[in-house]
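Okay, here's what each chain looks like letter by letter:
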Number of protein chains: 2
Amino acid sequence: MSLLILGSVALDAVKTPFEEHEDLFGGTASYATISASFFVRPSMVAIIGDDFPKQYLEDLKQRNIDLTGLQIVPGKTFRWSGEYFDNMNNRKTHLTELNVFADFIPVLPEAYRKLPFILLSNIGPDLQLHVLDQLEDPRFVIADTMNLWINIARPDLMKLLARIDLLSINDSEARELTGDNNLVKAGEILRSMGPKYVAIKKGEHGCYLFGPDQFFSCPSFPLEEIKDPTGAGDAFAGGLAGYLTDHCDAAVQQGGINFDILRQAVVYGSVMASFAIESFGPDRLRTVTKNDIEKRVQLLKTYSLL
Amino acid sequence: MSLLILGSVALDAVKTPFEEHEDLFGGTASYATISASFFVRPSMVAIIGDDFPKQYLEDLKQRNIDLTGLQIVPGKTFRWSGEYFDNMNNRKTHLTELNVFADFIPVLPEAYRKLPFILLSNIGPDLQLHVLDQLEDPRFVIADTMNLWINIARPDLMKLLARIDLLSINDSEARELTGDNNLVKAGEILRSMGPKYVAIKKGEHGCYLFGPDQFFSCPSFPLEEIKDPTGAGDAFAGGLAGYLTDHCDAAVQQGGINFDILRQAVVYGSVMASFAIESFGPDRLRTVTKNDIEKRVQLLKTYSLL
């Protein structure tokens, strides 16, 4: 069973209190797809310009990824630049150059329309909705978003929330979207907006998962050094969605996904995020092994044994 | 086996974004002792003035607490006032009136000197050291501190760290004392200063426990409403110390406390902290039942099942 992943592919410039790097392999779909590819063969939907570095494209091609849905068009690739402060928890976006992304219409290849597992990584909710409209029978839809869309596209975002199964959102966005500072309340308010499940990402403090009368608090994997938090949320969602797709064949046939499997998926997503932040760009993430992943999952379980 | 608890008893004035209250039953020893009294009969060492409200004193007397070490002297009781902002994670102290606390010399009653379990709640490290000096054979010493002492009494604090088994400290204080923003590193640096175990409290984000080649990430109990965070850290330390004292009789006879028991103690401490913050003053904390505590411990275990 495969997983459709929609999102952006970008060239990033990132500054932290310690280092600064340009022309990094970035974008929400990039991190999510690389992360998911350790569990399944994801089908990517995104757009790049003809300036996109060959080695990055080559890297995607050599992975276990279906690139039929990756549009390569004349023009410049989407660019993002941002800076992290303090404990890497505060981020400021310096620049967003849409470039080829400005005219992106995600038309799904025929084979993609039948896919049951969907990850709508963070891009405009209109594009996320447009992809949903083309699907024949989506069984489990995960979506991520960001503060920008909460501010400038709230009506579309609300439409999206009504049509998804799991929302992945960070703590400050959850507070902004619900108007409630308390994350336990915010999670329930978000569920009342549509999604049966809500994952609130808290950066170094882990993640909350909310379901019908269900709650899970997942710690982050403890790291002595964080190089660059960019892509952590996307690697989280990609790992979560990849794990689900890999394990839920039977469950979906039976009509649903249960909280136990989702809990495991969140653990794997958290571990994938921990790899994403150990390098600038997805360098560390893309070179981990299945064994590295399993080791961290087991360690995280040991660290959280109540 | 009993537990000695040193600290302050105070009258607090607390302001939050939602409410404001005065003349609250406060102090580090108050919260810690009330919390510990659900597990053992703690022996309190503190000082109050003759203005201390009778109903608060009566409340202590009616609990399972040895008050031989509580000095009642002519004068005014120690007063503290503070304000909480935002998500209740930021606190500002408005006023500290030492009053009778200014001349406090914690002289231990004879029977206290033989006690094996010691909780030195947050007060000046010189007083904490003075109590340690009077003990005949302390087996497990827990200490808490605060940013004030890091700033004005660091030499004494460093002496204290060399003589304790477990340091309980919050995240911002851990960062300040170590100069390292990364809490995983900060925990190890603190251990290198003396204590075999370090608990870093992260407020709503739970707690990290560090030991020799050991690590535990404990989530906080999720609450939809936090009334007043005052005393959370003291209730945490009191619950932790109380649980340890109650469970470690055998372990101590064998020469040590192991990480599994400490992990459980941290879980109980976290749950006691969750009760402390549900009311202004210790009203909620002092009226919980053993059953309430066990229920939350079981729920927290369910919420954290990886």
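Above this text you will find the structure in question.
Because the structure is a prediction, the values reported are computed rather than measured.

A. How the structure looks around the overall build of chain A. The secondary structure content of chain A amounts to twelve helices and 13 strands. Since a compact globule built from 306 residues should have a radius of gyration of about 19 Å, the 18 Å found for chain A is in line with a globular shape. Overall, chain A is about 50 × 45 × 40 Å in size when its C-alpha atoms are taken along their principal axes. Within chain A, contacts between residues at least 6 apart in sequence are counted, and of these 68% link residues at least 24 apart.

B. Quick peek at the sheet that holds strand β8 (residues 117–120) of chain B. Residue and element names in this part refer to chain B. In spatial order, the strands read β5-β4-β1-β8-β9-β10-β11-β12-β13; together these nine strands make up an open sheet with mixed pairing. Each edge of the sheet is formed by a strand with only one pairing partner; in this case those strands are β5 (66–73) and β13 (214–218). On average, each strand axis in the sheet is tilted by 15° relative to the strand beside it, whichever way the strands run. Sheet topology places strand β11 (residues 197–201) next to strand β12 (residues 207–211); four bridges connect them, and they run antiparallel. Each residue of the ladder has a partner; that of Ala199, found in β12, is Leu209. In the packing of helix α6 (residues 171–178) onto the sheet, the strands contacted are β10 (166–170) and β11, and the crossing angle to β10 comes to about 110°.

C. Layout of the relation of the copies chain A and chain B. With an RMSD of 0.0 Å, the operation that places chain A on chain B is a rotation of 180° combined with a shift of 0.0 Å along the axis. Given the turn and translation reported, the copies of this chain are related as if by a two-fold rotation axis. In terms of proximity to the rotation axis, the leading residue of chain A is His205(A), whose C-alpha is 3.0 Å off the axis. The fraction of interface residues of chain A whose copies in chain B are also interface residues reaches 100%, indicating that both copies meet through the same surface.

D. Main features of the environment of Asn147(A). All names here are of chain A. Tracing the backbone shows Asn147 in helix α4 (residues 147–152). According to the C-beta neighbour criterion, Asn147 is partly exposed, with 14 such atoms within 10 Å. The spatial distance from the C-alpha of Asn147 to the C-alpha of Ala174 is 9.0 Å, given a sequence separation of 27 residues. Contact partners of Asn147, with chain neighbours within four places excluded, come to Glu173 and Glu176.

E. The interface of chain A and chain B, seen in detail. Taken residue by residue, the interface counts 24 residues in chain A and 24 residues in chain B. It is strand β13 (residues 214–218) of chain A that provides the largest number of residues to the side of chain A that touches chain B, a total of four residues. Across the side of chain A that touches chain B, the residue classes tally to twelve nonpolar, six polar and six charged.

The rules behind each value
Residues numbered from 1 in each chain as written. Chains lettered and ligands numbered in written order. Predicted model: local features only at pLDDT ≥ 70, side-chain atom pairs only at ≥ 80, totals over all residues. Helix = DSSP H or I, 4+ residues; strand = E, 2+ residues; numbered from the N terminus. Rg over C-alpha atoms; globule rule 2.2 N^0.38 Å. Contact = placed C-beta atoms within 7 Å. Pairing = 2+ DSSP bridges. Axes fitted to C-alpha atoms, helices over the stretch in contact; angles between N-to-C directions. Least-squares fit on C-alpha atoms with pLDDT ≥ 70 in both. Buried ≥ 20, exposed ≤ 12 C-beta atoms within 10 Å, placed from the backbone. Nonpolar A, V, L, I, M, F, W, Y, C, P; charged D, E, K, R; others polar.

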